[in-house]
Amino acid sequence: MASLSLSFQQPSVLSETAVSAALRLPVAESFITLAVHRRPLSCGSTWWICRNFKDLKLRMLQNLNFQGPKRKHDEKNEFKMLQIEEKDQLLDHSEAHHGRQGLQQLSAVTVSNESSSSSKTQHEDNSLLNQFDKSRRMETPALQAQAIGISLQGRPPFLSIAIIGATGELARRKIFPALFALYYSGFLPENVGIFGYSRKNLTDEDFRSMIASTLTCRIDQQENCNEKMEAFMRRTYYLNGGYDNGEGMSKLRARMEQVEGEFGANRIFYLSVPQEALLDVASSLADNAQSQKGWNRIITEKPFGSDLQSSQQLTRSLLLKFKENQLYRIDHLLGRNTIENLAVLRFSNLVFMPLWNRNYIRSVQVILSEDLGLKTPDGYLNNSGIIGDVVHSHIFQTIALLAMEPPVTLDGEDVKLLRSIRKLETSDVILGYCTPASGSKGAAKFGKTMPTYFATALSIDNARWDGVPFLIKVGRGLNKHRVEIRIQFRHVPGNLYLGHIGHNSDLTNNELILHDVPDEAILVRVNNKIPGLGIHLDASELNLFYKDKYTVEVPDSYEQLLHDVIDGDNHLFMRSDEVAAAWNILAPVLNAIDNNNLVPEQYEQGGRGPDKAVYLWAKHGVQWTDD
């Protein structure tokens, strides 16, 4: 009988690189393909290859445990098919055994030895599969859910979202509509449960009827709206928690487990409760309602304390029960598209990156003014007023995105910037409080000691921003609604056309302007020649208006932020160190208010704000854009 003999220095050995690459393959079928559909090497014996392949194959098959059952056929048929293909591979090749006499040389291979080797290899493969079956039987559902995040049946873990304070205005007007929008758009899984929790005595149907009136489909998403709404309602449940939070949270956990079933479950708890009730609710939740079969995430509403001391006490109490990465301190203003656009403009456009420093930027203005008809939010009436409600979180996070160094990721760099901001001096701060307009009826009423207007100039002590004023103006009850970020660049040195500009040279400064809703836009202000004889300059705006460019409706900020919580993305949420750093900047102002050394100036509702504010720019050589 014919035989084949080849000589080589050392048997082929699978390298560690090859093993590592094989074990990184993400799809189970890739493992089977590599393990079963191998080909004998033309330069050596398949018997020796099979012997060396056994350990690699065992590791591959065990790795299948952690990839999840994504295959359509069951295990028994799969392993049967694997055995059949193994036999076919062995029968297809006639070099089944070698009479190895040393590591330097291979001897002739005979047909009789092939049969013996094939039987031995098949026996080893059957033993290997038996080991795999045994290891599969030893796996528990909880262990697999923890290791791979899916159940034995291949379904993703259940997602439970509990709204604590579900009958409040915020939940009805914002949270539930945002959750429905996410469900309609496919950003919530089908195996989701929405749990309302409060102290009112309601049935599931009563609760569904209450929130149904607030749910709408966006203009650009009307298809199957009623069908989706009914499906969302079927996934909505209600629980009367009573006045004992410990007992109530135990009831909530039992209801969740009833709906979730025996598989893995992740849970989100939105604490839409007054600040004075936050710690008691959070503590009871931590002890009685957290999932043991998945992750838990906690959303808390602003304000995050009223000063540095109270915020640190709140943080310490929360961190006794939760880890930092479980806490999501939500501020709906940070979920606006303009904030996300700010980072995109800075870090994805080369044209701006070399200009983003003190050499080219003269000043930065951040303006948030709200007009008439504003309702005072729950929990707003405290001594810090608009400082704790808007300035501490939204304004300082905006400043951080504007001024921080280019990061590798958006995690952790903003707190470095906040720590570089100089503590405020009371001489650089203008406070105001709103009073009803003369002769008006039903106007907004604010406490006299509670600031509703805040203006200041921030200084950042680092090499990039030394000497550049960051001007802030935030007010309620003003004459118009306006949310704007304006970056003003310096004058052109030695400008050839200075004589053609006119009396106000500030009009020729280039500017980058971001407008928020309702007229969301990105504008770049440049100088150009007016057509005609002679040279006359004009300042024009190159504009991108979102409503003209894009037909889709901009999602509500709560949609964006809830989507981020589900994804585990916390870059739009304040961490504990950021909360502390922001309150530290504001500490001198809050102390001056407490000691009556800084008294808010009265302004009439529907006006421009305190009169002193118009002079703040003169001190820093910058003019407010609306003056």
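Only a predicted model underlies this, so the values are computations on that prediction, with no experimental measurement involved.

*Asks:* Looking at this structure, how should I read the overall build of the chain?
*Replies:* Of regular secondary structure, the chain possesses 19 helices and 15 strands. In the chain, buried positions account for 47% of the 627 residues. Long-range pairs, those at least 24 residues apart, make up 76% of the contacts in the chain with a sequence separation of at least 6. Accessible surface computed for the chain: about 31,300 Å², of which carbon and sulfur atoms make up 52%.

*Asks:* I'm lost on the side chain of Thr315 in this one. Help?
*Replies:* Mapped onto the secondary structure, Thr315 falls in helix H12 (residues 308–319). Thr315 gets classed as buried once you look at its relative accessible area, which sits at 13%. Those residues within four positions of Thr315 in sequence are excluded, and the remaining contacts are Arg329 and Ser576.

*Asks:* Looking at this structure, how should I read the packing of helix H14 (residues 386–403) against helix H18 (residues 576–594)?
*Replies:* The relative placement of two packed helices is expressed as an angle between their axes plus a distance between the axes. Direction vectors running N to C along H14 and H18 enclose 135°, while the axes themselves pass 10 Å from each other. By the angle between their axes, H14 is oblique relative to H18. You can see that H14 and H18 cross each other, and the crossing is right-handed. On H18, the residues that touch Ile387, Gly388, Val391, His392, Phe396 and Gln397 of H14 are Glu578, Val579, Ala582, Trp583, Ile585, Leu586, Val589, Leu590 and Ile593. Tallied by class, the residues present in the contact of H14 with H18 amount to eleven nonpolar, three polar and one charged.

*Asks:* Just to check I follow, could you spell out the sheet that holds strand S3 (residues 236–240) for this structure?
*Replies:* Strands in a sheet are paired, the pairing made by backbone hydrogen bonds, and the direction either parallel or antiparallel. With parallel pairing, six strands are arranged side by side in an open sheet as S3-S2-S1-S4-S5-S6. Single-partner strands in this sheet number two, and they are S3 and strand S6 (327–330). Across this sheet, the average inter-strand angle for adjacent strands is 20°, counted without regard to direction. Sheet topology note: the strand S4 (residues 265–271)/strand S5 (residues 296–301) ladder contains five bridges and is parallel. If you follow Tyr270 over to S5, its bridge partner there is Ile299.

*Asks:* Can you help me understand the packing of helix H10 (residues 245–260) against helix H11 (residues 275–288) in this one?
*Replies:* The interhelical angle for the contact between H10 and H11, taken along N-to-C directions, is 45°, at an axis separation of 8 Å. For the element pair H10 / H11, the angle class is oblique. Note that H10 runs across H11; the crossing there is right-handed. The segment H10 lies against H11, with Asn245, Gly246, Met249, Ser250 and Arg253 engaging Asp280, Val281, Ser284, Leu285 and Asn288. Classifying every residue of the contact of H10 with H11 by side-chain character gives three nonpolar, five polar and two charged.

*Asks:* How should I be thinking about the pattern of salt bridges in this particular structure?
*Replies:* Oppositely charged side chains can form a pair if their charged atoms are brought close together. Counted under the stated rule, the structure contains 25 salt bridges. Glu511 is the partner of Arg486 in a salt bridge, and the nearest nitrogen-oxygen pair spans 2.6 Å. Of the two residues, Arg486 sits in strand S11 (residues 482–489) while Glu511 sits in strand S12 (residues 511–515), which places them 25 residues apart along the sequence. As far as the burial class goes, Arg486 and Glu511 line up, both buried. Through salt bridges with shared partners, a single ionic network connects Arg482, Glu484, Arg486, Glu511 and Arg525.

*Asks:* Please clarify how the pairing of S3 should be interpreted in this entry.
*Replies:* Within a regular strand, side chains alternate between the sheet's two faces. Along S3, four of the five residues are buried, which leaves the element largely enclosed by surrounding structure. As paired elements, strand S2 (residues 192–198) and S3 share five bridges and run parallel to each other. Paired with Tyr197 across the strands is Leu239, a residue of S3.

*Asks:* So what exactly am I meant to see when it comes to the confidence of the model for the chain here?
*Replies:* Note: predicted coordinates in regions of low pLDDT should not be interpreted at a detailed level. Overall, the predicted model of the chain reaches an average pLDDT of 76, with 68% of residues at or above 70. When the criterion is pLDDT under 50, residues 1–54 qualifies, and its contacts beyond four places in sequence or with other chains add up to 98 contacts. When the criterion is pLDDT under 50, residues 373–381 qualifies, and its contacts beyond four places in sequence or with other chains add up to 18 contacts.

*Asks:* Just checking my understanding: could you explain the nonpolar core for this structure?
*Replies:* Note on soluble globular proteins: their nonpolar side chains tend to be buried together. Grouped together as the largest cluster of nonpolar side chains are 97 residues, with contacts concentrated most on Phe176, Phe396 and Phe454. In this structure Phe396 touches Val391, Leu418, Leu458, Ile472, Ala582, Ile585 and Leu586, once residues within four positions along its chain are discounted. Counting 23 residues, the second largest nonpolar core, distinct from the first, contains Ile164, Leu239, Leu252 and Met256.

*Asks:* How should a nonpolar patch on the surface be read in this particular structure?
*Replies:* Nonpolar side chains collect at one region of the surface, where Leu496, Tyr497 and Ile535 lie side by side and expose about 320 Å² of accessible area between them. Topologically, Leu496 is positioned in the loop between S11 and S12. Note on Leu496: relative accessible area 75%, which makes it exposed.

*Asks:* Looking at this structure, I do not really get the sheet that holds strand S7 (residues 361–369). What am I missing?
*Replies:* Strand order in the open sheet formed by nine strands is S14-S13-S12-S11-S7-S10-S9-S8-S15, with mixed pairing between adjacent strands. Where the open sheet ends on each side, the last strands, each with one partner, are strand S14 (537–545) and strand S15 (601–604). Strand-to-strand, the axes of this sheet are offset by a mean angle of 20°, without reference to chain direction. Summarising the sheet, S7 and S11 pair through eight bridges and their orientation is antiparallel. Opposite Leu368, over in S11, you have Val483 as the bridge partner. Those strands touched by H14 are S7, strand S8 (429–435), strand S9 (453–458), strand S10 (470–475) and S11, and its axis lies near 150° from that of S10.

*Asks:* It is not clear to me how the pairing of strand S1 (residues 158–164) should be interpreted in this structure. Could you clarify?
*Replies:* The element S1 is extensively covered by neighbouring structure, given that seven of its seven residues are classed as buried. Neither face of S1 is open: one carries Phe158, Ser160, Ala162 and Ile164, the other Leu159, Ile161 and Ile163, and all of them are buried. When S1 meets S4, the two strands line up parallel, connected through seven bridges. Bridge assignment links Ile161 to a residue of S4, and that residue is Ile268. Here S1 pairs with S2 via six bridges, running parallel. Bridge assignment links Ile161 to a residue of S2, and that residue is Ile194. The parallel pair S1 and S2, bridged by helix H7 (residues 169–184), forms a crossover whose chirality is right-handed.

*Asks:* Sorry if this is basic, but what is going on with the environment of Ala582 here?
*Replies:* Mapped onto the elements, Ala582 comes out in helix H18. We classify Ala582 as buried; its relative accessible area is 0%. Spatially, the C-alpha atom of Ala582 lies 9.7 Å from that of Lys423, the residues being 159 residues apart in sequence. What Ala582 contacts, discounting residues up to four positions off in sequence, is His392, Phe396 and Met574.

*Asks:* I'm lost on the side chain of Glu370 in this one. Help?
*Replies:* Note that Glu370 resides in the loop between S7 and H14. For Glu370, a relative accessible area of 14% puts it in the buried group. Beyond its immediate stretch of four places on either side in the chain, Glu370 contacts Gly475, Arg476, Gly477, Leu478, Lys480 and His481.

Rules of the game
- Residues numbered from 1 in each chain as written.
- Predicted model: local features only at pLDDT ≥ 70, side-chain atom pairs only at ≥ 80, totals over all residues.
- Heavy atoms only, no water.
- Helix = DSSP H or I, 4+ residues; strand = E, 2+ residues; numbered from the N terminus.
- Buried < 20%, exposed > 50% of the residue type's maximum accessible area, 1.4 Å probe, protein only.
- Contact = heavy atoms within 4.5 Å.
- Areas by Shrake-Rupley, 256 points an atom, 1.4 Å probe, with all protein chains shown as cover.
- Axes fitted to C-alpha atoms, helices over the stretch in contact; angles between N-to-C directions.
- Parallel < 35°, antiparallel > 145°, perpendicular 65-115°, else oblique.
- Left-handed = near helix turned anticlockwise from the far one by under 90°.
- Nonpolar A, V, L, I, M, F, W, Y, C, P; charged D, E, K, R; others polar.
- Pairing = 2+ DSSP bridges.
- Salt bridge = Lys/Arg side-chain N within 4 Å of Asp/Glu carboxyl O.
- pLDDT = per-residue confidence, 0-100.
- Core = buried A, V, L, I, M, F, W, Y, C linked by side-chain atoms within 4.5 Å.
- Patch = residues over 30% accessible without salt bridge, like charges linked within 9 Å, V, L, I, M, F, W, Y side chains within 5 Å.
- Right-handed = clockwise from strand over helix to strand, strands pointing away.

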